[in-house]
Amino acid sequence: MPEQRETRARLLAALTRTQLERLSHIDFKLYFLGELRRADVVDRFGTGPAGATRDIALYREIAAENLELDQATKAYRPTTAFVPLFEHQPQRVLTALSQGFGEGLGDQLQPMLRCEFPAALSLPKMSVLAPITRAINRGKAVRLGYTSIDSGKTERELVPLALVDIGTRWHVRAFDRRRREFRDFVFTRMDSPEVLEDSPVAKEETVEHDVQWSRIIELELVPHPKHTRPEVVRMDYDMPDGKLRVKVRAANAGYILRRWNVDCSADHHLEGPEFALWLPDPLALYGASNAHLAPGYKDPRSAREIKAF
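### What to know about the packing of aromatic side chains
Then step 1. Summed over all chains, the structure comprises five aromatic pairs.
Then step 2. When the ring of Tyr 31 is compared with that of Phe 82, the centres are 5.3 Å apart and the planes differ by 35°; the resulting orientation is tilted. Of this pair, Tyr 31 sits in helix H2 (residues 17-33) while Phe 82 sits in the loop between strand E2 (75-78) and helix H5 (90-99), and the two are 51 residues apart along the sequence.
Then step 3. A centroid spacing of 5.1 Å and a plane angle of 80° characterise the contact between Tyr 146 and Phe 185, whose relative ring orientation is edge-to-face. Remark: Phe 185 occurs in strand E6 (residues 181-186) and Tyr 146 occurs in strand E3 (residues 141-148); sequence separation between them is 39 residues. Across this residue pair, the class does not change: Tyr 146 and Phe 185 are buried.
Then step 4. Feature note: the residues Phe 28, Tyr 31, Phe 32 and Phe 82 constitute an aromatic cluster, connected by ring pairs.
Then step 5. Sitting over the ring of Phe 45, Arg 22 keeps its end group 5.9 Å from the ring centre.
Then step 6. A cation sits over an aromatic face here: Arg 44 above Phe 45, 4.9 Å from the ring centre.

The structure is reproduced here in structure tokens:
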């Protein structure tokens, strides 16, 4: 087996990126859908039948033991000896299965198999998203209208730095020239963003100076002490030693812990089936700007308890 892996790795290293993409798609179809037809390659890459035949032949040359032709259906099937040629990341696989893998355009995208997932209730308008992403990519500032709970609608100049998905909504991490600090801005509260081509971005407005974004917090989570089946929690979160270690940005820690429903109270007093995980050391969140969003978190500088949302 080690020799086989070395041989495969050597052969793959000699291929172009385009060839690797096609072989990865073949590998994906066999591994997760259990069948591959020449038309699958043609439809995905528009190569034509002859090109698809060459791609499948190349895959067979590298991993002949991975597939066999079903004469009845004229489809290739994975063998019992199948070992994937590529490392397929779980998140990308689930996205591809549920939302398609590059086939079709716009509303034509279709899942690869029956799949159900929550509908997004809050998504940015493309006319708002596009100027923001252009500014991030090009290192520019933007001017826009922004409506906040505290200030109502105001005009802002922001230097967008990164997009953030907190599960219930998307926001942008940006430097706010009005308040002279890095903050989070919700896309759906923005109006008519305009990229400022002639407004230089100062060094202190760049992501390298965003301390909260740059600071990485290491969290150690365990099954909630009040959970009736801690062994199930260990299975759900792949915790063979009973601990789940994750790294998050300080700027996102509170959002993430709320999304994961982690009890961050020192005495693990939050109850309910939604609290499967507990953070034994809430001091790990000390200094995180939005730690107050974490369920049950109590700021060590204050006697006030922050209740779960």
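On we go from here.
### Let's talk about the layout of surface pockets
Then step 1. Size it by volume and the largest pocket reaches roughly 680 Å³.
Then step 2. In terms of residue count, the dominant contributor to the lining of the largest pocket is H5 (five residues).
Then step 3. Across the lining of the largest pocket, the residue classes tally to eight nonpolar, seven polar and three charged.
Then step 4. Approximately 570 Å³ is the volume attributed to the second largest pocket.
Then step 5. Along the walls of the second largest pocket sit 21 residues, with Asp 150, Arg 183, Asp 184, Arg 189 and Tyr 255 positioned nearest its centre.
Then step 6. Where the lining of the second largest pocket is concerned, the elements lending two or more residues are E3, strand E5 (170-176) and E6.
Then step 7. With six residues, E6 is the largest single contributor of residues to the lining of the second largest pocket.
Then step 8. Within the lining of the second largest pocket, the residues separate by chemical class into six nonpolar, six polar and nine charged.

### Digging into the packing of helix H3 (residues 38-45) against helix H4 (residues 49-62)
Then step 1. H4 packs onto H3 with a crossing angle of 115° between their chain directions and a minimal axis gap of 9 Å. Relative to H4, the crossing made by H3 is right-handed. Seen from H3, the contacting residues are Arg 38, Val 41 and Val 42; seen from H4, they are Pro 49, Ala 52, Thr 53, Asp 55 and Ile 56.

### Things to note about the sheet that holds strand E4 (residues 152-165)
Then step 1. Taken in spatial order, the five strands line up as E6-E5-E4-E3-E7 in an open sheet, and their pairing is antiparallel. The open sheet is flanked by E6 and strand E7 (190-196), the only strands paired with a single partner. Taking each pair of neighbouring strands and ignoring which way they run, the sheet shows an average axis angle of 45°.
Then step 2. Alignment of E5 against E6, held across six bridges, turns out to be antiparallel. Residue pairing across strands places Ala 174 opposite Arg 183, the latter belonging to E6.

### Observations concerning a nonpolar patch on the surface
Then step 1. Residues Leu 123, Leu 163 and Trp 170 make up a contiguous nonpolar surface patch of roughly 270 Å² in combined accessible area.
Then step 2. Looking at the secondary structure, you find Trp 170 in strand E5.

### Some points on the sheet that holds strand E8 (residues 216-223)
Then step 1. The strand order across the open sheet built from four strands is E9-E8-E11-E10, with neighbouring strands paired in mixed fashion. Taken across any chain shown, the strands that pair with only one partner, and hence form the sheet edges, are strand E9 (244-249) and strand E10 (262-263).

### Some remarks on the pairing of E2
Then step 1. Alignment of strand E1 (residues 67-70) against E2, held across four bridges, turns out to be antiparallel. Across the sheet, Glu 68 pairs through a bridge with Arg 77, a residue of E2.

How each quantity is defined
Residues numbered from 1 in each chain as written. Predicted model: local features only at pLDDT ≥ 70, side-chain atom pairs only at ≥ 80, totals over all residues. Heavy atoms only, no water. Phe/Tyr/Trp six-rings, centres within 6.5 Å; stacked < 30°, edge-to-face > 60°. Helix = DSSP H or I, 4+ residues; strand = E, 2+ residues; numbered from the N terminus. Buried < 20%, exposed > 50% of the residue type's maximum accessible area, 1.4 Å probe, protein only. Lys NZ or Arg CZ within 6 Å of the ring centre and 35° of its normal. 1 Å grid on protein atoms, 1.4 Å probe; cavity = no way out; pocket = protein on both sides within 12 Å on 5 of 7 lines; lining within 4 Å. Points joined across faces, edges and corners; volume = space filled by probe spheres on them. Nonpolar A, V, L, I, M, F, W, Y, C, P; charged D, E, K, R; others polar. Axes fitted to C-alpha atoms, helices over the stretch in contact; angles between N-to-C directions. Left-handed = near helix turned anticlockwise from the far one by under 90°. Contact = heavy atoms within 4.5 Å. Pairing = 2+ DSSP bridges. Patch = residues over 30% accessible without salt bridge, like charges linked within 9 Å, V, L, I, M, F, W, Y side chains within 5 Å. Areas by Shrake-Rupley, 256 points an atom, 1.4 Å probe, with all protein chains shown as cover. Salt bridge = Lys/Arg side-chain N within 4 Å of Asp/Glu carboxyl O.

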